[in-house]
Amino acid sequence: MNDSVEDAWVKKWEALGIFKAEVDKYKDKVFVTFPIPYMNGPLHLGHAFTASRVDSYAKYKKLNGFNVLYPQGWHWTGQPIVSAAERLAKGDEKMVKEFKEIDKVPDEILEKFKDPVFMAKYYTERNREAMKKLGLGIDWRREFVTTSYDERFSSFIEWQFLTLREKGYVTKGSHPVVWCPRDKSPVGDHDRLQGEGVFPVEFRLIFFKLKDEESYLVASTLRPETIFGVTNIWVSPTLTYVKAKINDKVWIIGKSAVERLKDQLFEVEVISEIKGNELIGKKAIAPLVNKEIPILPASFIDPDIGTAVVYSVPAHAPYDYLALRDLQKSGYKDAQGISPISIIEVEGYGEFPAVEEVEKLKIKDQNDPNADVATKNIYSAEFRKGVLKQNCGSYAGLSVNAARKVVYEKLEELGLATSMWELPEPIICRCTTRCHVKILQDQWFLKYSDERWKEAARECVRTMKIYPEEARQWFLDVIDWLNDYPCARQSGLGTPLPWDKNWLVETLSDSTVYMAYYTIAHRLKKYNREQLKKELYDYVFFGKGDPSIIASITGIPENEVREMREEFLYWYPVDLRVSAKELVPNHLTFFIFHHVALFEKNHWPKAIAVNGMLRVEGEKMSKSKGNVITIEEGIKEFGADALRIALLSSSEYMDDANFKREYARAIKERIAKILQEIDQDLKSSTNRDKNDYDTWLLNMVSKVSKDIQENMEKMNIKLSVTEAFFIMDNAYKDYKKFVNSNINHTVLKDFIKYWAIILAPFAPFTAEEMYQKVGEKDSVFLENWPSGIQYEEVKDVEIELVNRLVEDIKEVIKIVKKKPTQITVFVLSKDDSINFVNGKAEKDVLNKFMKIKVSMPDLLKNYIGKIEEKEVYEKHLDYIMRQVGVPVNIKSVSDASNEEAQRAKNALPFKPAFVFK
RNA sequence: GCGGGGGUCGCCUAGCCUGGUCAAUGGCGCGAGGCUUAGAACCUCGUCCCGUUGGGGUGCGUGGGUUCAAAUCCCACCCCCCGCACCA
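Residues numbered from 1 in each chain as written. Chains lettered and ligands numbered in written order. Predicted model: local features only at pLDDT ≥ 70, side-chain atom pairs only at ≥ 80, totals over all residues. Heavy atoms only, no water.

**Quick notes on the pattern of salt bridges**
Applying the stated criterion across every chain, the model contains 71 salt bridges. Residue Asp107 pairs with Lys100 through a salt bridge whose shortest N-O separation is 3.4 Å. Using a relative accessible area of 45% as the deciding quantity, one classes Asp107 as partly exposed. On the basis of relative accessible area, Lys100 is assigned to the partly exposed category, the value being 37%. A salt bridge links Lys544 to Asp538, with the shortest nitrogen-to-oxygen separation between them at 3.8 Å. (Salt bridge = Lys/Arg side-chain N within 4 Å of Asp/Glu carboxyl O. Buried < 20%, exposed > 50% of the residue type's maximum accessible area, 1.4 Å probe, protein only.)

**Focus: the layout of surface pockets**
Computed from the structure, the second largest pocket encloses a volume of approximately 1,500 Å³. Forming the walls of the second largest pocket are 39 residues, and the residues nearest its centre are Phe203, Leu222, Ile305, Thr375 and Pro424. At the level of secondary structure, the elements contributing two or more residues to the lining of the second largest pocket comprise β6 (201-210), β7 (216-221), β14 (309-312), α10 (318-329), α12 (370-385) and α13 (400-413). Here the lining of the second largest pocket is built from residues that sort into 20 nonpolar, seven polar and 12 charged. (1 Å grid on protein atoms, 1.4 Å probe; cavity = no way out; pocket = protein on both sides within 12 Å on 5 of 7 lines; lining within 4 Å. Points joined across faces, edges and corners; volume = space filled by probe spheres on them. Helix = DSSP H or I, 4+ residues; strand = E, 2+ residues; numbered from the N terminus. Nonpolar A, V, L, I, M, F, W, Y, C, P; charged D, E, K, R; others polar.)

**Some words on the environment of Ala244**
Tracing the backbone shows Ala244 in strand β9 (residues 240-246). Those residues in contact with Ala244 that sit more than four places away from it in its chain are Lys249, Val250, Trp251, Val268, Glu269, Val270 and Ile271. (Contact = heavy atoms within 4.5 Å.)

**Quick word on the domain arrangement of chain A**
Domain annotation for chain A reports domain 1 (3-166 + 464-480 + 504-616), domain 2 (201-422) and domain 3 (802-916). Each of domain 1 and domain 3 has a C-alpha centre, and the two are 62 Å apart. (Domains from an automatic or database assignment.)

**Description of the sheet that holds strand β28 (residues 619-620)**
Pairing is mixed in the open sheet, where three strands are placed in the order β28-β27-β29. Edge strands, defined here as strands with exactly one partner in the open sheet, are β28 and β29 (657-659). Two strands pair when backbone bridges link them, and strand β27 (residues 614-616) and β28 are joined in this way by two bridges, in the antiparallel orientation. Within β28, the residue paired with Val616 across the bridge is Glu619. (Pairing = 2+ DSSP bridges.)

**Quick look at helix α33 (residues 877-884)**
Three or more residues of α33 are buried, namely Leu877, Tyr879, Ile880 and Val884. For α33, the angular spread of buried residues about the axis comes to 160°, placing them on one side. Along its buried surface, α33 packs onto α24 (692-713), α25 (717-739), α28 (793-816), α32 (869-875) and β31 (888-892). One or two positions beyond α33, positive phi appears at Gly885, with a value near 75°. (Arc of directions from axis to C-beta.)

**Some points on the sheet that holds strand β22 (residues 488-489)**
A sheet is described by the order of its strands in space; here three strands give the open sequence β22-β24-β23, paired in antiparallel fashion. The open sheet terminates on both sides in strands that have one partner only, identified here as β22 and β23 (496-497).

**Section: the packing of aromatic side chains**
Taken as a whole and judged by the stated rule, the model has 61 aromatic pairs. When the centroid spacing of 5.4 Å and the interplanar angle of 85° are considered together, the rings of Phe99 and Phe113 count as edge-to-face. Taken together, the residues Phe99 in helix α4 (residues 93-102) and Phe113 in the loop between α5 (107-110) and α6 (116-133) connect sequence positions 14 residues apart. As far as the burial class goes, Phe99 and Phe113 line up, both buried. Centroid distance Phe541 to Phe568: 5.0 Å. Interplanar angle 75°. Geometry classified as edge-to-face. Highlighted residues: Phe541 in helix α17 (residues 534-542) and Phe568 in helix α19 (residues 558-571), separated in sequence by 27 residues. Given the relative accessible area of 1%, Phe541 is considered buried. Of the residues examined, Phe568 reaches a relative accessible area of 0% and is grouped as buried. Over the aromatic face of Phe207 sits the side chain of Lys249, whose NZ or CZ is 5.2 Å from the ring centroid. The lysine or arginine in question, Lys249, covers the ring of Tyr216, its NZ or CZ lying 5.6 Å from the ring centre. (Phe/Tyr/Trp six-rings, centres within 6.5 Å; stacked < 30°, edge-to-face > 60°. Lys NZ or Arg CZ within 6 Å of the ring centre and 35° of its normal.)

**A word on the protein's contact with RNA strand B**
Taken together, 54 residues form the shell around RNA strand B, and within it Tyr38, His175, Gly188, Pro486 and Asp808 come nearest. Considering the 4 Å shell around the protein, atoms of RNA strand B inside it are sugar or phosphate in 61% of instances. Between RNA strand B and Phe916, the relevant distance is 3.0 Å, taken from a base oxygen to a main-chain nitrogen or oxygen of the residue. The residue inventory of the surface near RNA strand B, partitioned by class, reads 25 nonpolar, 10 polar and 19 charged. (Near = heavy atom within 4 Å. Polar contact = N/O pair within 3.5 Å; in protein donor to acceptor, adjacent residues only side chain to side chain.)

**Description of the pairing of strand β26 (residues 607-611)**
Where burial is concerned, most of β26 is hidden: five out of the five residues are buried. Residues of β26 alternate between two faces, with Ala607, Ala609 and Asn611 on one and Ile608 and Val610 on the opposite face, all of them buried. The pairing of strand β20 (residues 465-467) with β26 spans three bridges and is parallel. The residue of β26 that forms the bridge with Ile466 is Ile608. Here strand β25 (residues 576-580) runs beside β26; their pairing, made up of four bridges, is parallel. Note that in β26 the partner of Ala580 across the bridge is Asn611. In the classification by handedness, the crossover that spans β25, the intervening helix α20 (residues 584-598) and the parallel β26 is right-handed. (Right-handed = clockwise from strand over helix to strand, strands pointing away.)

**Let's talk about the nonpolar core**
Formed by 155 residues in total, the largest nonpolar core has its most connected members in Phe99, Phe113 and Phe659. Counting residues per element, this core draws most heavily on α25, which supplies 11 residues. In this structure Phe99 touches Asn40, Ala84, Leu88, Lys104, Val105, Leu110, Phe113, Met119 and Tyr123, once residues within four positions along its chain are discounted. (Core = buried A, V, L, I, M, F, W, Y, C linked by side-chain atoms within 4.5 Å.)

**Structural notes on helix α16 (residues 514-524)**
Where burial is concerned, most of α16 is hidden: 11 out of the 11 residues are buried. For α16, every residue scored as buried is listed here: Tyr514, Met515, Ala516, Tyr517, Tyr518, Thr519, Ile520, Ala521, His522, Arg523 and Leu524. Summarising the contacts, the buried residues of α16 are in contact with β1 (29-33), α7 (151-166), α17, α19, β25 and α20.

**Here's the deal with unusual backbone geometry**
Note on backbone geometry: most residues besides glycine have negative phi, and most peptide bonds are trans. Cis geometry is found at the peptide bond from Tyr467 to Pro468, where omega equals -10°. For Pro468, the location among the structural elements is in the loop between β20 and α15 (470-481). In this chain, Tyr572 is followed by Pro573 through a cis amide linkage whose omega measures 5°. Mapped onto the elements of the fold, Pro573 is located in the loop between α19 and β25. Residues other than glycine seldom take positive phi values, yet Ala308 does so here, at roughly 65°.

Rendered as structure tokens:
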């Protein structure tokens, strides 16, 4: 099938209005959705995979008599489009290359990409075409884009957020983020050169009062419980420190910590600078233990982490032990008397875990990178199994885990501890600047932590259908874990928050209930933004207010206002939303939260289907690997239907799918072959009488159509497409073998027509072609799913018996390695078989029979003793002989000659004996 | 670390929920034959081991268990993949 055939069908569907969804009160509806994709590039096979699943389900439902709505919009909200445009404007060569080579953007278009809105528009156009070519049955009248560039949609988002705020789900607060001081913006995982997966952790700051001075050395640590083992303080002799008034105390900290503390809302007033070595030799008081300890020099201190002041616990911290050992080795006087103090009992270690680890890993000194490994080992061992020893006062006996919390709380109560956010590992922004943590103030949050809200979301998850079932627990876990979520940004594209226009509603928050907007999107296009007031949406979605009053304040005719409400009520709720599993912990869960917050229970989503991620030739798709296949390319190479079948049959449930070019190519060939054979067979077939093989073929249709009905309801699309394409094709081939190419024309036409309908959800273009070939007009999508085809089980049983006989004979021919000239098959009579069933037979044959019977399919078991086998084999003798390639005759066991009797008596019910000559 | 998914015959993949039809599905690869001037495509057959009558052995990450019967159920272990928030 070539492009022009596919394009012609797309045009015809549009002309016939096949996928336009109108309210029809006499029909049950199904509303399906695919998430709006982000328009920073062409859609790829991952999108095609999920969208094909949505589409197959939609088409399947349509063929089963449902009124189906499948709309599509586009996501423009967020930063990446803007960033890409900026980088292009700056002439970023890597970026230019990606757009040209991977996205295949022509030069004259690329020039205009420095305008992010142009870029988004361009991809929207291109991707709409790609979706059409893929054969998706979308009602395009309801299309929208997010952000203020679609002012009608924007008015809807304003309504959504005003309503959420009214209901108390929006709050203001502050939040720590990874921050690039150069870009002055938060740095997400994907914007990092280094430090992917690193997120801020809370470091504890502990105050050590300098002896005889009113200032405090402020040490940073993750392990406040180790204060009981402190022996000294480390500072770097070469670093610059500052004395600064912070909040109500005078702190001594590394100079580089000042900016970070300021970004975390500490009020910092630097008094003076001090060199590290000026501090060395002084003494400080350790809090809680009230002990005087020396300040010593160390080289392992990282000025970019914490305060560049560290308190030393050599028994449990490898760096501390190493620094101490280094110092003692060099003969440093103040270090000589210091020995580790063991305070934690931990399984697998003796008194001094740090010493043991250092020796085990043969770590040379404090600059050895292995010291990190040692630190991690002890950290995790002590965290999981450590218990504080007797020398920890009232904290003795507590687990490390518990002590960490209570010791800190005690110190905080004494005014001798506070905390700051810190990055446990360095993060480098794409702009090559090292990042730190900043606390953003006055952020707008969605209160996902609200227990009432969570409970409603849980209820929704519990009552909806989720495919596959395993995903349900995942949703419940996410709901538990979810915390307040910042829902507005200050950069990128989006809709301004209606009450605080400096902020834009962020991308995961403006894409949660737009499905409701689809129901009226096409109607709203007649009106301008000023008319789309909150009152209108309140009425349409909640039934609040009086339509005549709403008509007067919006200028929208009252009947139109009422019809919008009716259309919403008709289509809502969403019956199925499909996405890849990566959206479970974010988008899909937010989708649930917002629905339960805004809508009545009967408008909560009915079902979610989750699928795996798509890989290409076993590898994750990514621009950097250069293995991204766009939908456009896929269609060009394989055709839409082969692409769809290859994708749909590549995985089920949450398994990752694997797209293989060879497989898609094989399907492409097979489709072409099928269409070609249909032409030939329709020509060569005749009006001969109907026989058992014809019945068998229609039996297959009956079984397959039923199987698919069962599987589609569970979103088992892989199984369904396997039946609709592969099993049906095999049945077609087998049928032709059975009838030896003497095809019944009427049966063939019926079969092809049914096949077209069954295949239509998965391979719509091929289905239409098949449908035309048997003389049908218009579109296969105006048909009904084949049901009520008569199924004659006994014919299946007979053919199964014949096939088993053929297999057995072939097997024996293979073993004896010699083709016989004549085969005689000996069959038990019906009465003999009944005797077997009743246990009346010689013991050893009976045992053999029982063994075979156990492993017989139920279909056959039920017919033992109910069929005269001889008649069956005689009826199909032609076929049997063709298959085995040797003359065959059928005899009753009782008619065996003396020389044949030896073999003939091995015959069992449904297992004839045979003699070769 | 927390959470989710998974390990099947050279490779990819089905089966597992509801145990016997499972030496196990389909595709690729490979081998033989057909078609062809030749090749490609296509078609037929074969593709764990043994076996001159339809049988037997081994086998579905590893080790145990339940059962007349386990790829399928239970337990433990090993390994792989994915998500973890200001990112769409």
